[in-house]
Amino acid sequence: MHFFSSNNDVNQITFTSLPKPQTPIMRLNTICPYFTMFPIDFPFNILSEAQTSEWILDPFCGRGTTNFAARLRGLSSFGIDSSPIACAISAAKFVNTTSTKIITLCKTILENELEPKHIPQGKFWELCYYPSTLKKICIIREALLKECISDDAIALKALMLGILHGPVNKNFPSYLSNQMPRTFSSKPDYSVRYWVKNGFFPKNIDVLDTVSRKANYSFNTLPSKIAGGISLSDARKPLKFIPDEGFNWIITSPPYFGMITYMQDQWLRNWFLGGPDLVDYSNTNQLGYGSKEIFIQELAKVWENITKACASGAKMVIRFGALPNKSNNPSEIVQESINRANCGWEHYSTDCAGTSNGGNRQSAQFGEKMGKPQKEIDYYAVLR
Ligand SMILES: C[S@@+](CC[C@H](N)C(=O)[O-])C[C@H]1O[C@@H](n2cnc3c(N)ncnc32)[C@H](O)[C@@H]1O
């Protein structure tokens, strides 16, 4: 288990309508960008029908949008993802801490340790971070790798992932790196060529100051605490947690068929979490490898697996689409995988979820990289 929080707040404040995106209570949701997240209003609106005692599951939780929507509604939830980056971000969606505690932890780490055991070497690292900035990042990295159990540490880890790389600001820096995208980590050789061509050098960025500003922005107002947690595991494998009465809601968005680069596109964040100093191209329990036939079969395994953890009458909503460069029918893939699983899900309806114009969808982000996004669908089913 990556993280588990046991009890809901006694004096719980819940939301019946979604607070505006930039309001302080919503800022934790955007602590770190995550490629292919779905918009929060999607799970939040679905959960308007959920009862307070019900449990929510997202077997492909990504950055934990479903879990955060559940928290706003005062509902307990559980998330699974096979990417350590996704798990580190989504675990932070449960924390109960304050900006002061996070800043104090960061300060203590930097005061206690003056030299990291390892600093990555090479052109990429020289151009990505100013030497003293990289040294401090490495100190925080090693401290969190050694121990990351408290809510403060879990929050600091997600916060660090969020500020690790991104665009260079004119005024106060929001990110620690030289000019880079924030949603994905560009590959080392490409980044070096880009920085050299444009004459970009890393600035001396004060890590504690950047952490403090981000902590004050994102962690000053948090929704009430809820029970639940995140598991770093493969959704095809038996679940590491099942509530007594089973899960009542599944709200999820599997990777689109052919989308297999979640880990590689986040290689720098993966490094911060203990991964290698370079892009790791190994298969890391990610769904989506092989043919369409294999993909459907593997997706069916997930449905079969999670159904064993569901209460009778559970409801499932799947948002799914297709990569811009693939001519696949999302409805057919989902329906076929449900048929294959053959474990009691009765199709209720399939709605068109539109394209990226409606928000930060999977399709929107593929669109940036691969061309015109395709329409997504929302597939609704009930467990009989
Ligand atoms: C479309 S994203 C989910 C995004 C999420 N809805 C959000 O808002 O952030 C799909 C996720 O499935 C995860 N994934 C892929 N294969 C998996 C597997 N076998 N088990 C669990 N998670 C997996 C990926 O790491 C990725 O985070």
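Residues numbered from 1 in each chain as written. Predicted model: local features only at pLDDT ≥ 70, side-chain atom pairs only at ≥ 80, totals over all residues. Heavy atoms only, no water.

On to the overall build of the chain, then. Along the backbone of the chain there are 13 helices and eight strands. Compactness check: the chain gives a C-alpha radius of gyration of 21 Å against a globular reference of 21 Å for 384 residues, within 12% of the reference. Dimensions of the chain, computed from the C-alpha atoms along their principal axes, are close to 60 × 50 × 35 Å. Residues counted as buried form 58% of the 384 residues belonging to the chain. Expressed as a percentage of contacts within the chain between residues at least 6 apart in sequence, the contacts between residues at least 24 apart total 79%. When the accessible area of the chain is evaluated, it comes to approximately 16,400 Å², of which 51% is carbon and sulfur surface. If the 40 positive side-chain charges of the chain are averaged to one point and the 33 negative ones to another, these points end up 6 Å apart. (Helix = DSSP H or I, 4+ residues; strand = E, 2+ residues; numbered from the N terminus. Rg over C-alpha atoms; globule rule 2.2 N^0.38 Å. Buried < 20%, exposed > 50% of the residue type's maximum accessible area, 1.4 Å probe, protein only. Contact = heavy atoms within 4.5 Å. Areas by Shrake-Rupley, 256 points an atom, 1.4 Å probe, with all protein chains shown as cover. Lys, Arg positive; Asp, Glu negative; His and termini not counted. Charge placed at Lys NZ, Arg CZ, Asp CG, Glu CD.)

Let us now look at the site of the ligand. In the vicinity of the ligand, 25 residues are found, and the nearest of them are Y34, R63, T65, D81 and L287. Taking S82, its main chain carries an N or O atom lying 3.2 Å from a nitrogen atom of the ligand. Here an oxygen atom of the ligand sits 3.0 Å away from a polar atom, N or O, in the side chain of Q286. Surface burial for the ligand is 100%, taken as the share of its 600 Å² of free accessible area covered by protein chains. Residues belonging to the shell around the ligand are distributed by class as follows: 11 nonpolar, 10 polar and four charged. (Near = heavy atom within 4 Å. Polar contact = N/O pair within 3.5 Å; in protein donor to acceptor, adjacent residues only side chain to side chain. Nonpolar A, V, L, I, M, F, W, Y, C, P; charged D, E, K, R; others polar.)

Glancing now at the packing of aromatic side chains. Applying the stated criterion across every chain, the model contains 20 aromatic pairs. Pairing F78 with F247 gives two aromatic rings, centres 6.1 Å apart and planes at 20 degrees, and the pair type is stacked. With F78 in strand β3 (residues 76-81) and F247 in strand β5 (residues 247-252), this residue pair connects regions lying 169 residues apart in the sequence. On the accessibility criterion, F247 (0% relative accessible area) is buried. Measuring from centroid to centroid gives 6.4 Å for Y190 and Y194, while their planes differ by 10 degrees, and the two rings are stacked. Separated by four residues within a single helix, Y190 and Y194 lie in helix α8 (residues 188-198), roughly one turn from each other. Classification of Y194 by relative accessible area gives partly exposed; the value is 31%. Taken together, F124, W125, Y129, W195, W267, W271 and F272 form an aromatic cluster joined through their ring pairs. The ring of Y217 carries R27 above its face, with NZ or CZ at 3.9 Å from the centroid. (Phe/Tyr/Trp six-rings, centres within 6.5 Å; stacked < 30°, edge-to-face > 60°. Lys NZ or Arg CZ within 6 Å of the ring centre and 35° of its normal.)

So, on to the state of the cysteines. All told, the structure shown has zero disulfides when counted by the stated rule. Between C106, a cysteine without a disulfide, and C148, which holds the nearest cysteine sulfur, the sulfur-to-sulfur distance is 13 Å. (Disulfide = S-S within 2.5 Å.)

Looking at the secondary structure, you find A322 in the loop between β6 (310-320) and α12 (330-341). Along the primary structure A322 and K375 are separated by 53 residues, whereas in three dimensions their C-alpha atoms are 7.7 Å apart.

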